[in-house]
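Observations on the three-dimensional arrangement
Residues per chain are reported as follows:
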Amino acid sequence: MALSPLAGKPAPKQMLVDPSRLAHDYLERRPDPADPAQQVSFGTSGHRGSSLRDSFNEAHILAITQAICEYRHARAVTGPLYMGKDTHALSGPAQRTALEVLAANDVETIIQRDDGFTPTPAISHAILVHNRGRDDGLADGIVITPSHNPPEDGGFKYNPIHGGPAETDVTRWIEDRANALLRDGNAGVKRLPLQSAMNKETTHQRDLMRPYVEDLHNVIDMAAIRDARLALAVDPLGGAAVAYWDLINAIYGLDIAVTNTKVDPTFAFMTVDHDGAIRMDCSSPHAMAGLLDLKDRYRVAFANDPDADRHGIVTPTTGLMNPNHYLAVAIEYLLTHRPGWPAAAAVGKTLVSSSMIDRVVGKLRRRLSEVPVGFKWFAPGLFDGSYCFGGEESAGASFLRRDGGVWTTDKDGPIMNLLAAEITALTGSDPGERYAVLTAQFGEAYYTRIDAPATPEQKAKLSRLSADAVKASDAAGEPIMQKLTRAPGNDAPIGGLKVVTASGWFAARPSGTEAVYKIYAESFRDEQHLQMLVNDAQQIVQTAIMAAHR
């Protein structure tokens, strides 16, 4: 895709979304239940859409929330439901709608007091703290966020009692029931007026921020960060963690500079992403241009997306770190600085994350578990301690407490940010410098992700490919060693294909929302070899799809 001429520049006024129109359309427009684009659809991380496209409207939230209430009842989940929201314009209206349904269904619901925002990791943390040591009265949660997606989007995620993203069988049940309710005009939805829902004895407003912040020292060496007196900075990108950093400073005696305290549903303070859209992607150098301008003033600077489940790390030596590079650094550091972690616990990575992680984990003689895309695959392992770390190439990760207990089972951007400060404080080298050491040991990794056009039929065939459909014997001049359509770590279908050679690999997966499939590739040789992998990937995938057609 060609780089937009606006990439990295402040968003022009004519690009900004109208929050009042979003709210109006959320309430007034009615989706067509017969149109697949307007149905409830849970991807790798919940239902997403926009009221402007009739894919995220009041009708959707009524149906999804009622389905969640029925799912809880069927599974005898009787504890509180923790509900958080981020700063997108549609998140507030959706939380109010959900609260009306939860109250009508007599679900004890806990929200941030004073209409505040709650990041994804704080909801996961609250669920796990409540459930610790319990066999009944277990809690679950909802997070209302489209993550880093553009300002016009909304999102709705369900986290069951393990605190992480819901498994596929759970989301399929909720999705199917919600769509049945939609087709019936939501006649089966229970609902109270908003004020009655707010006043009901099952609705509680509490501070969900302080318990999370006060517990951070059990997962990060906050004293080491304090004592090092590093120059640190954070840009919350106008997201749900905006108020968390001042409290972190106050409780732990830190002086992290908060470079942007604005909360604006138009996200007018953002610089434009690579494709000309406003997107709060803390792994994009174009979206992070404002923080990159400050990189030489701070030893480490970092950012989070609107629900704070992703991280972006900036250092003077490297600028914005590639998420794959930081994952490798974080894993290497944690495996050598967490003596309380169980020795048998695996490092979890998605199959499209860098093979640098494989090399780091292999040298340290720890177990690696490679799973499909989606953080839901890590949640059970982080919950029971069989995984010590779970990370994905899109800048999402979490890990165990310092004593080896569960911290969060959803992605946690703030602890990944603070870990970068801990690494720098205790080793004297920032994460960029430590990655340079890894490349000296294991070689330079060249990584890319591109989109290739695909019809809905082609995407469906790609998602169902078998390894036998791949007839090629080599890729980029090397024999193919593995043809994977199921993940090695858990034998789950990957919804695509991964091909591995001695010095590189590629993977292909259909997009859930666009008429493209995504190609990921990595070479440990050079940029030319990487391009050869990408070219061969497109040819091999197209040939396999055609063979599947016949």
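Report follows, based on the coordinates. (Residues numbered from 1 in each chain as written. Predicted model: local features only at pLDDT ≥ 70, side-chain atom pairs only at ≥ 80, totals over all residues. Heavy atoms only, no water.)

Comments concerning the overall build of the chain
Across its full length, the chain holds 17 helices and 23 strands. The C-alpha atoms of the chain give a radius of gyration of 23 Å, which matches the 24 Å a tight globule of 550 residues would have. In terms of overall dimensions, the chain has a C-alpha envelope of 65 × 65 × 50 Å along the principal axes. Taken over 550 residues, the chain has a buried fraction of 60%. Excluding contacts between residues fewer than 6 apart, the proportion of contacts in the chain whose partners are at least 24 apart in sequence is 70%. On the chain, roughly 20800 Å² of surface is accessible, and the fraction owed to carbon and sulfur atoms is 49%. (Helix = DSSP H or I, 4+ residues; strand = E, 2+ residues; numbered from the N terminus. Rg over C-alpha atoms; globule rule 2.2 N^0.38 Å. Buried < 20%, exposed > 50% of the residue type's maximum accessible area, 1.4 Å probe, protein only. Contact = heavy atoms within 4.5 Å. Areas by Shrake-Rupley, 256 points an atom, 1.4 Å probe, with all protein chains shown as cover.)

Some thoughts on the nonpolar core
Grouped together as the largest cluster of nonpolar side chains are 59 residues, with contacts concentrated most on Leu 216, Phe 389 and Phe 399. Considering each element in turn, this core owes the most residues, 9 residues, to helix H11 (residues 323-337). Residues in contact with Phe 399, not counting those within four places in the same chain, are Val 219, Ile 220, Leu 334, Trp 341, Leu 382, Cys 388, Phe 389, Trp 407, Ile 415, Met 416 and Leu 419. Formed by 39 residues, the second largest nonpolar core is a distinct cluster that contains Val 17, Ile 144, Ile 174 and Leu 181. (Core = buried A, V, L, I, M, F, W, Y, C linked by side-chain atoms within 4.5 Å.)

Side note on empty space enclosed by the protein
Scanning all chains against the criterion turns up 2 cavities of 30 Å³ or more. Of the voids in this model, the largest cavity is the one considered here, and its volume is about 90 Å³. Every residue along the wall of the largest cavity is listed here: Phe 42, Gly 43, Thr 44, Ser 45, Gly 46, Lys 157, Tyr 158, Asn 159, Pro 165, Ala 166, Thr 171 and Lys 376. For the lining of the largest cavity, the elements supplying multiple residues, two or more each, are strand E1 (42-43) and strand E6 (154-159). Examining the composition of the lining of the largest cavity, we find that 3 residues originate from one element, E6, more than from any other. Along the lines of polarity and charge, the residues of the lining of the largest cavity split into 4 nonpolar, 6 polar and 2 charged. (1 Å grid on protein atoms, 1.4 Å probe; cavity = no way out; pocket = protein on both sides within 12 Å on 5 of 7 lines; lining within 4 Å. Points joined across faces, edges and corners; volume = space filled by probe spheres on them. Nonpolar A, V, L, I, M, F, W, Y, C, P; charged D, E, K, R; others polar.)

Structural notes on the sheet that holds strand E4 (residues 109-112)
Here we have 7 strands laid out as an open sheet, ordered E1-E2-E6-E5-E3-E4-E7, and mixed in their pairing. The strands lining the two open edges of the sheet, one partner per strand, are E1 and strand E7 (203-206). Relative to E4, strand E3 (residues 81-85) runs parallel, the two being bridged by 3 bridges. Following the sheet pairing, Tyr 82 is matched in E4 by Ile 110. (Pairing = 2+ DSSP bridges.)

Looking at the packing of aromatic side chains
Each pair of aromatic rings is reported with the distance of its centres and the angle of its planes. By the definition in use, this model includes 12 aromatic pairs. A centroid spacing of 5.6 Å and a plane angle of 40 degrees characterise the contact between Trp 245 and Phe 302, whose relative ring orientation is tilted. With Trp 245 in helix H9 (residues 244-252) and Phe 302 in strand E10 (residues 300-304), this residue pair connects regions lying 57 residues apart in the sequence. One exposure class covers both Trp 245 and Phe 302, and it is buried. Here a set of aromatic residues connected by ring pairs shows up, and it is made of Tyr 71, Tyr 158 and Trp 173. Arg 359 extends its terminal NZ or CZ atom over the ring of Phe 524, reaching a point 3.5 Å from the ring centre. (Phe/Tyr/Trp six-rings, centres within 6.5 Å; stacked < 30°, edge-to-face > 60°. Lys NZ or Arg CZ within 6 Å of the ring centre and 35° of its normal.)

Overview of the environment of Ile 519
Mapped onto the fold, Ile 519 is located in strand E23 (residues 516-523). Taking the C-alpha atoms as reference, Ile 519 lies 29 Å from Pro 414; in sequence the two are 105 residues apart. Contact partners of Ile 519, with chain neighbours within four places excluded, come to Thr 448, Arg 449, Ile 450, Ala 452, Ala 507, Ala 537 and Gln 538.

Topic: the side chain of Arg 401
Tracing the backbone shows Arg 401 in the loop between strand E16 (396-399) and helix H14 (413-427). A distance of 2.6 Å separates a polar atom in the side chain of Arg 401 from a polar atom in the side chain of Asp 215. If we ignore the near neighbours within four places in the chain, the residues touching Arg 401 are His 125, Val 129, Arg 132, Asp 215, Asn 218, Val 219, Trp 341, Val 406 and Trp 407. (Polar contact = N/O pair within 3.5 Å; in protein donor to acceptor, adjacent residues only side chain to side chain.)

Examining the packing of helix H12 (residues 356-363) against helix H15 (residues 431-442)
Put simply, H12 and H15 touch, their axes get as near as 11 Å, and they point 80 degrees apart. Classified by the angle between their axes, H12 and H15 sit roughly perpendicular to one another. For the pair formed by H12 and H15, the contact residues are Met 356, Arg 359, Val 360 and Lys 363 on the first element and Tyr 435, Leu 438, Thr 439, Gln 441 and Phe 442 on the second. The class makeup of the residues in the contact of H12 with H15 is 5 nonpolar, 2 polar and 2 charged. (Axes fitted to C-alpha atoms, helices over the stretch in contact; angles between N-to-C directions. Parallel < 35°, antiparallel > 145°, perpendicular 65-115°, else oblique.)

What to know about the pattern of salt bridges
This structure, assessed with the given rule, holds 32 salt bridges. Linking Lys 411 and Asp 309 is a salt bridge whose minimum nitrogen-to-oxygen distance equals 3.4 Å. Pair noted here: Lys 411 is in the loop between E16 and H14 and Asp 309 is in the loop between E10 and strand E11 (311-315), with a separation of 102 residues, a long-range link. The two residues Lys 411 and Asp 309 agree in class, both being buried. Shared partners join several salt bridges into a network, and the residues in it are Arg 21, Asp 25, Arg 29 and Asp 54. (Salt bridge = Lys/Arg side-chain N within 4 Å of Asp/Glu carboxyl O.)

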